[in-house]
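Given next are the chains, with one letter for each unit.
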Amino acid sequence: MIKKYLASLLAFVLAVSSLFAQNYERYKKLKDTTIKSSHLGFDKKLSILVPIEFQEKTNNQFPLIIVFDKQNKRSNNYILQTIDYLTSNEQMPSSIIISVESEQKYRYIETQYQISDAGGKALENEKFIFDELVPLAERKYKASKFRLLIGHSRYGYFTTSLVSSRLADWSAIISMSPFFSQKNVELTDSVSKLNNINLTHKKYYRFGIGNDYPDDFVKMDAVEKRNQNPLFDMRGYHFKEADHNSTPGLIIQTALYEIFEQWYAIQSKYISNEQTDLSIKPALDKDILSNYGAKINFSLGILNGKGWYFYNNKKYDKAIEAWKILLNAYPNFSEAYLYVVQSQVQLKQRYDETIKAFNNSLANSEFYTEKQKKDLNAELQELIK
């Protein structure tokens, strides 16, 4: 019997995550790799996480999240687990996550500008990120134009510097325990200039400081209070007694929630039980694009839940329509075709073409194990016997 509730999707997701031997519900590690940066002149180690619905042969694109300081396993793992938790609860979109390691011998120079130190390679690091890493993510891992950068300490400083130096190249930045002043550099001044810049969509900047740089917090907090640019969404958090290494765990959840709060709010209009007009979907997609400057899909769970809402209320035509919308976004989620067949059975409609589409989707889907594919075929036979 085909499961009828959204909770079944979460159970299925757990089974998939176990298959890949990861401690994630909605992500799988695609690979650990190393690339030689032509701009920096040395190797950078990367770890690539992709959503369970990722597949090279589909047209899906996903937001790109770059997490610096992969070598700090405790904070890196916590950040990744937090992303997974929020994604599993449909609170943020499935994303491509690239963790970037910074070797101790390079960490200072790759985050320091030459204006402060003649040996600094921060400008070369910018080029590595936006001329090498981002194009790689878009070319090989289906990253969209939405880019979120997350950095701590020296990378908190570096990511904050990108707020102004690379304004056109990022969508959101989370800087944890950053400092804002170096020789000949005052980042509070450069960030304050965004108050007078015309933006076409929202830019999100979040910073959080513990007991390490309280004076820096005061200075940037003053910049935040003076900010009147409605499209520069800036907010800071001060944890007065928090140790330098504890700030990532204190900041990351709230910052991620706030960045994707509007995405969730727009989805909520679609999933609402009062919303029965599915033709509203393109307008909602447009709202997301207008707010974030990039297309971001609704979550798989939200789209599936809408189909089951109509099915459970015996609105089978609407259920079919909702699942077709899901399949347009996630064509490798083959079992949605079975849900369509089940609705067509209720309506006493022919389902030959749906079965053909199911077979084609399942044959090309990487979403399922071979055993799960056999189970889905068995469910189909049970439906049409």
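Everything that follows concerns the structure shown earlier in this document.
This text gives an overview of the structure that appears in the document.

Section: the nonpolar core
No. 1: Ranked by size, the top nonpolar core spans 66 residues in total, and within it Leu-148 and Ile-174 carry the most contacts.
No. 2: No other element matches helix H12 (residues 316-329), which puts nine residues into this core.
No. 3: Beyond its immediate stretch of four places on either side in the chain, Ile-174 contacts Leu-148, Leu-149, Ile-150, Gly-151, Thr-159, Arg-206, Ile-251, Ile-252, Ala-255, Leu-256 and Ile-259.
No. 4: Residues Val-100, Phe-158, Leu-194 and Met-234 belong to the second largest nonpolar core, which totals 50 residues.

Some details on the pairing of strand S2 (residues 43-51)
No. 1: Burial analysis of S2 places seven of its nine residues in the buried class, which makes it a mostly covered element.
No. 2: With nine bridges connecting them, strand S1 (residues 27-36) and S2 associate as antiparallel partners. Looking at S2, one finds that Thr-34 is bridged to Lys-45.
No. 3: Hairpin remark: S1 followed by S2, antiparallel, with six residues in the connecting loop; positive phi at Gly-41, about 85 degrees.
No. 4: Direction of pairing for S2 relative to strand S4 (residues 96-100): antiparallel, over a ladder of four bridges. Residue pairing for S4: Leu-49 is matched across the bridge by Ile-97.

What about the pattern of salt bridges?
No. 1: Applying the stated criterion across every chain yields a total of 21 salt bridges.
No. 2: One salt bridge in this structure joins Glu-90 and Arg-26, with 3.1 Å as the shortest N-O distance. Within this pair, whereas Glu-90 is found in the loop between helix H2 (73-88) and S4, its partner Arg-26 is found in the loop between helix H1 (6-19) and S1, the two being separated by 64 residues in sequence.
No. 3: Note that Glu-258 and Arg-235 form a salt bridge whose closest N and O atoms lie 2.9 Å from each other. Residue Glu-258 is found in helix H8 (residues 247-259), and its partner Arg-235 is found in strand S10 (residues 232-238); the two are separated by 23 residues along the sequence.
No. 4: By sharing partners, the salt bridges in this structure join Lys-202, Arg-206, Asp-233, Arg-235 and Glu-258 into a single network.

Scoring rules and cut-offs
- Residues numbered from 1 in each chain as written.
- Predicted model: local features only at pLDDT ≥ 70, side-chain atom pairs only at ≥ 80, totals over all residues.
- Heavy atoms only, no water.
- Core = buried A, V, L, I, M, F, W, Y, C linked by side-chain atoms within 4.5 Å.
- Buried < 20%, exposed > 50% of the residue type's maximum accessible area, 1.4 Å probe, protein only.
- Helix = DSSP H or I, 4+ residues; strand = E, 2+ residues; numbered from the N terminus.
- Contact = heavy atoms within 4.5 Å.
- Pairing = 2+ DSSP bridges.
- Salt bridge = Lys/Arg side-chain N within 4 Å of Asp/Glu carboxyl O.

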